[in-house]
Amino acid sequence: MEGKKEGEGETGKSEFGASEIEYVSYGGEHHLPLIMSLVDQELSEPYSIFTYRYFVYLWPQLSFLAFHEGKCVGTVVCKMGQHRNTFRGYIAMLVVIKPYRGRGVATELVSRSIKVMMESGCEEVTLEAEVTNKGALALYGRLGFIRAKRLFHYYLNGVDAFRLKLLFPCPELYPSLPMMAKTEDSHCHDDHIQPEERSELHQHL
Amino acid sequence: MAEKGAEEAAAAVDVAVPEGASIASGDNTVWTDVSLLLEAACEDLRDGELIHGDNFNLFAAMSALEIMDPKMDSGMVCKYYSVDEAIENGAAPVPISFYKTVDVQCTIDIMDYLLACEATWHKGHSLAQTVFSCIYLLRPDRTSSHALLHSYCRVIRATCKAVISVVSDARTHEEEDLFTMAYGLPLDGDGDEKCLSLLNAVEETISRQLRACKAHSSKRRVLEDIEPLQENVDLEEGYCKALLCRLRFRKHFYHVLTSMRRPQGRGLELARKHIATCISELECIRKSAEFLRSIACGACDDDTEDRTTASGCQPIGFDASLNCRLSAPTPPRTIKILSWKMAIDYFVKLLHDLDIICSYTLDPLLEGVLHFVVQFQKSQPDLVARAHLQLLLVQDGKLYGRDSMFAVITRAAALPEVTKNHDIQNNEYIGQLGQLVINKLKVLCTNSAWQRRKLGKMLQDWRVIYVQLELAFRKDFGDVLSSPDDENVCMKIFQHILLWVEEQTYWIASRFLILGFELELYSPSEYCMVYWYMYVVLIKLAEKTHLKMAARNDTNKRKGKKKRDSLKDVAREYRIPPAVLFVQCQICLVEGLTMMLAALRNENMILQSPNPFNTEQERFFQHFELLQKACVPDHISYPAFDESTTYARISTLVMYNYFKDAQRIAKEVKSSFTNDPDKLAELRRIEQVAEHNSIALNVICQVGALDPKLKVSFEFSHHPYFATAVVKRS
C-alpha cells in the first residue's frame, strides 16, 4: 500500500542472505567509533561525541549495530524517558549503509529497539523524519507509526518533518490483543524495505 | 568511564567554599570553588571526555561543539575576523569602481543579489545570513558618498524593518521565529526613515539621464546639460532603464507595505495601485536580464538556472560568514540563496497574494470571513502575506479594527436586533467567546502545519465555553427560562448562541480533518477511518447549520409576518437551505468513500498487512485524540467505527450507491450558487469524484469476482481531499 519501490541504485548492491547479518546490542566504547562514522557519513548534521555518548551511556540497551562479515553496516540509537504524562521512547538515529538497504536490516534494528522500549514500559515511541524521506516513512508506516504532525521548516535546509508516533496497546484496556507475539519474525518484511532508511535528530542547534 | 558525574568527581577532591559569595545560590545549593576539581580533571581527562552535573541533558550534549570542526565551530575564521577587516581588505569598496560603467554594472548585481537574499529570508532563513550578508548594509554611513547605492541600501533596511514589524505584530510566526531575529543588525540606519526622498531624488536624476541619452540618440537638441550615468554611450539607455525599474520596484513595494498597515483597511485601495506598479516593474526587471547578460557575457557564470543576479556575475560586497562570527542566531552552515529568477517569481506571488487581501471587501459576516481565509490559504501564501491578512482581520481586538466581537457574534449567530445593546454582552463568558473567535481568526492565518495543531487544541476551548455558557445562562436567566413566554429575548439569545457555538466547533473539527490531507498525514490504510470521522462530523455540522438557519428564518418570519403571503412562507419553511445541501452532498461522498474502502478491505481487495506492534484501534485513537478529548462529536469511539464498517460489501454498495446521491444533490444545489464561483467549482469537483467512484464501484463489482488480481488504489486527481478510486488489472 505504501509507495512502491523507487529507483534505488541496484548497482553496488551487496549479495548476502538475511541470516548472514549479525545484530549486536551496544557493547561499550569500542562500538562508539563505528556508530559515529556510520552516522557521520549518512547525515548532514554534525553531532559532537557527547551527543553520541549521551545516548549510548544512558540507554545502551536501546542501541544496536548490524554487522556483515565483521563490517558494521547499520546502527540504531535511541532514548526513553518521561515526556509530559507519558513514558516514551525516541528513535534518535537510524542508519544503514547504501549497499545494504532494502533488505530489512533497518526494520530489524529498529524493531529490536522498539521491543526493548515496550518491555521497559514505554507507552509510545516517537521520531522525526523528513517529509521527503519516502523510505523511512514507509518503513515506520509498516511498523504501525502514524504521522501525528507535520513540523514546518523543521530542518535547517528548510524541509518539513513529520513527527511519527507509535502507540502501544494499553494492556488493561484491551487484554485480548494478540500483541507482540512474533516480533522475531519481523524480517519477513524484508523485500519491501525502501532505501534511505534513517531518521534524524532534531537539528535546531 | 569517559564521563564523570560532577559530584562523584568532586568527592575525590578537597573542595573549599569561598567566603561571602555575592550571588545567592538558591535553595539547597551552595557555591563552591571548582578550580581544584578542574585542575585535577585536566590531568585525568583524555580527548572527548567531560565533567558534567546531574542535569546534563540532550540539549546540553547537542550544544557542545568541537573546535575547528567547520560544521560546528562558527567562530572558525573563514576569511575575515570582522566587518572592518573585510572592508580594509577591499571586500566592499566605495565606489565599487572608479570606472563608472563597471560601477553601475556592479551596483545592479548588488541590487539583484539583495533581491534574491530578501526572498530567501522571506522563505525562512535568517536575516543575518541573507540580506545582511551584504557588507554595505552593515555599515550604513559608508555608502553616503554613493547616492545610488546609498538610496538602495536605505530602502532595503527600511523595508526589512517594515516586514519584521508586520510579522512580529501578527505573531503568526510561532514556528518561523528565525524570521524576526535581528539582534545586532543595523536595521535603523540614520535617516532610513527618509529613504523615499533620497530614492526619489536618485530616480529623478536617472530618468533625466535616460531622457538626455534618448534625445541624444535621436539627434535632438539636449535641453539640459546633464552628466551621463556612465562612460559608454551605447550602454547608457540600457543601464538607465535597468536601474530605474529596480529603484521603482523598491519604492512602490515600500508603499505597499505602509499602505496596507493603515488602520481599518483604509489603505487597501491605494496599496492595490502600488501592487500593480510593483508587478509591472518586476516584469521590466525580468526583461532587463537580456541586456545585462549580453554585456556580462564571457565574464560570468554559464547560463544556469541557479544564477543569483540578472547578469550572472557574482556580486561584490557579500560575505555570509561574517555574521556567523558576529551574531549569535546564525548557524555555521552555509545556506543556498534562491536564484534571481526564483526570487522574482517569489515576489510576483507575494504581490498577487497581497492583492487578493487588498481586494477583499471586508465582509461583515463571520461566515464570509472564514470562507475567504480558507480560500486564501489554498494558494499556500507565505509568511509575509499571511501576517498582513491577520493584521487586517484582527486589529485592537475588533474585526478589521472596526466591529466589536460581540457585534460579530450577534450577526453570525443570527441574533435578534435587540441583542446588540443587550446586557448580555457584559457577560464574562460572552467576553471569552469573543476572544475565542479572535484566536480562531488568527490561527486560520498561520501555516497549515501549525494551524492544524492549534485548531485541534482549540476544540477543547470551544467545548468548554459551550458548557460554561449553558451553565451561566441557566443560572442568570433560569427564572425567565422557566416562564412559558417563548417570545422572551433571553431565551432566544441563549438558544442562538449555543447553537452557533456548536456549529463553529464542528466547523473547526472538519477543517482539522481536511488539513490532515493537505499535510499528507494520512496513509492510504487510514483513509477509511478518516472519511468515517469526517462523515460523523459533517452530519453534526449540517444539523447545527440547519437548526441555526431555521431559527434565523423564524426570527425573520416573526418580523415580517403581516406583510408576507402565508402560503409562500410555508413552502419556504420546508425547503432545506442550499448551505445545508452543500454539506449534505459532501456527507454522501465521504460516506460512500468510507464504505467503499471498508468493503475493499473486507473483501481483501486492498492489501492490509498487520502491524507487529499495534492495531488499527491505536491508530484511530492517535489520529482523533484531540477530537475525542473534546467529545466532538459525543459518543464517538473506535467500536462505533468498527461496527459501521465491518459488514460493508461491494455488492450492497452497488445496490445503494452513495456516490449517486452525492451527484444528484450536487447537481440540484448548483443553481443556488450561481453567484458564488468558489462553491460552484467545489460542487463540480464533488460531482466528478462521485461520478468516477460510482463507475469504479460498478467495475469492481462486475469484474472483481472474476479477476482476483484486480488492483484498486486511490488518488487525489479530482479533489484535494476526496479520493478517486483507480481500478487496474495487474
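Here's what I pulled together on the structure shown here. (Residues numbered from 1 in each chain as written. Chains lettered and ligands numbered in written order. Predicted model: local features only at pLDDT ≥ 70, side-chain atom pairs only at ≥ 80, totals over all residues. Heavy atoms only, no water.)

**A look at the interface of chain A and chain B**
How large an interface is tends to be reported as the accessible area lost when its parts come together. For clarity, the threshold we go by: We call two residues in contact when some of their heavy atoms are within 4.5 Å. As used here, buried area is the combined drop in accessible area, with a 1.4 Å probe, of two parts when they are placed together. Here a salt bridge means any side-chain nitrogen of Lys or Arg lying within 4 Å of a carboxyl oxygen belonging to Asp or Glu. Each polar contact in these results corresponds to two N or O atoms within 3.5 Å; when the atoms are within protein, one needs to be able to donate a hydrogen and the other to accept it, and residues that are neighboring in sequence are counted only if both atoms are side-chain atoms. Elements are defined by DSSP. Helices are runs of H or I of four residues or more, strands are runs of E of two residues or more, and each kind is numbered from the N terminus. Classes in brief: Ala, Val, Leu, Ile, Met, Phe, Trp, Tyr, Cys and Pro nonpolar; Asp, Glu, Lys and Arg charged; the others, Gly included, polar.
Residue-level contacts link 47 residues of chain A with 47 residues of chain B. A combined buried area of about 4300 Å² lies between chain A and chain B, and 64% of that area is made up of carbon and sulfur atoms. Put simply, chain A and chain B have 1 salt bridge between them. Linking arginine 150 of chain A and glutamate 520 of chain B is a salt bridge whose minimum nitrogen-to-oxygen distance equals 3.6 Å. Summed over the shared surface of chain A and chain B, the number is 11 residue pairs in polar contact (both at pLDDT 80 or more). Contributing elements (two or more residues each) for the side of chain A that touches chain B: helix H2 (49-58), helix H3 (105-119), helix H4 (134-142), strand S6 (146-151) and strand S7 (161-167) of chain A. Classifying every residue of the side of chain A that touches chain B by side-chain character gives 27 nonpolar, 9 polar and 11 charged.

**Focus: the sheet that holds S7 of chain A**
All names here are of chain A. Just so we agree on the cut-off: Strand pairing requires that DSSP identify at least two bridges connecting the strands. Only the contacting stretch of a helix is used when fitting its axis, a line to C-alpha atoms as for every element, and angles between N-to-C directions run 0 to 180 degrees.
Strand order in this open sheet of 7 strands is S1-S2-S3-S4-S5-S7-S6, and the pairing throughout is mixed. Among the strands making up the open sheet, the edge pair consists of strand S1 (21-25) and S6. Ignoring which end each strand starts from, the neighbouring axes of this sheet average 25 degrees apart. In terms of strand pairing, strand S5 (residues 124-130) meets S7 through 7 bridges, oriented antiparallel.

**A word on unusual backbone geometry**
Residues and elements named next belong to chain B. Rules: Only protein chains enter the accessibility calculation, which uses a 1.4 Å probe. A residue is then buried if its area is under 20% of the maximum for its type, exposed if over 50%, and partly exposed in between.
Looking along the chain, the bond that leaves valine 94 and enters proline 95 is cis, with omega of -10 degrees. In this chain, valine 632 is followed by proline 633 through a cis amide linkage whose omega measures -15 degrees. For tyrosine 400, which is not a glycine, the phi torsion comes out positive at approximately 55 degrees. Relative to the helices and strands, tyrosine 400 resides in the loop between strand S4 (398-399) and helix H15 (405-412). Under the relative-accessibility criterion, tyrosine 400 is labelled buried at 0%. In this structure, glutamate 520 is a non-glycine residue whose phi angle is positive, near 60 degrees. Structurally, glutamate 520 can be placed in the loop between helix H18 (489-518) and helix H19 (527-559).

**Section: helix H13 (residues 366-378) of chain B**
Condition: The span one expects for a helix is its residue count, reduced by one, times 1.5 Å.
The terminal C-alpha atoms of H13 of chain B lie 19 Å apart, and with 13 residues this matches the ideal 18 Å at 1.5 Å per residue to within 8%. Of the residues trailing H13 of chain B, glutamine 380 of chain B is marked for its positive phi of about 50 degrees.

**Concerning the packing of aromatic side chains**
The description of two aromatic rings rests on the distance between their centres and on the angle between their planes. Residue and element names in this part refer to chain B. As a reminder of what qualifies: Centres within 6.5 Å make a pair out of two Phe, Tyr or Trp rings, where for Trp the six-membered ring is used; the pair is then stacked when the planes are under 30 degrees apart, edge-to-face when over 60, and tilted otherwise.
Under the defined criterion, the tally for this structure stands at 35 aromatic pairs over all chains. Aromatic pair phenylalanine 249 and phenylalanine 347: ring centres 5.7 Å apart, planes at 80 degrees, arrangement edge-to-face. You can see phenylalanine 249 sitting in helix H9 (residues 233-260) and its partner phenylalanine 347 sitting in helix H12 (residues 340-358), a full 98 residues away along the chain. Ring pairs connect the aromatic residues Phe517, Tyr522, Tyr527, Tyr531, Phe716, Tyr721 and Phe722, which therefore count as one cluster.

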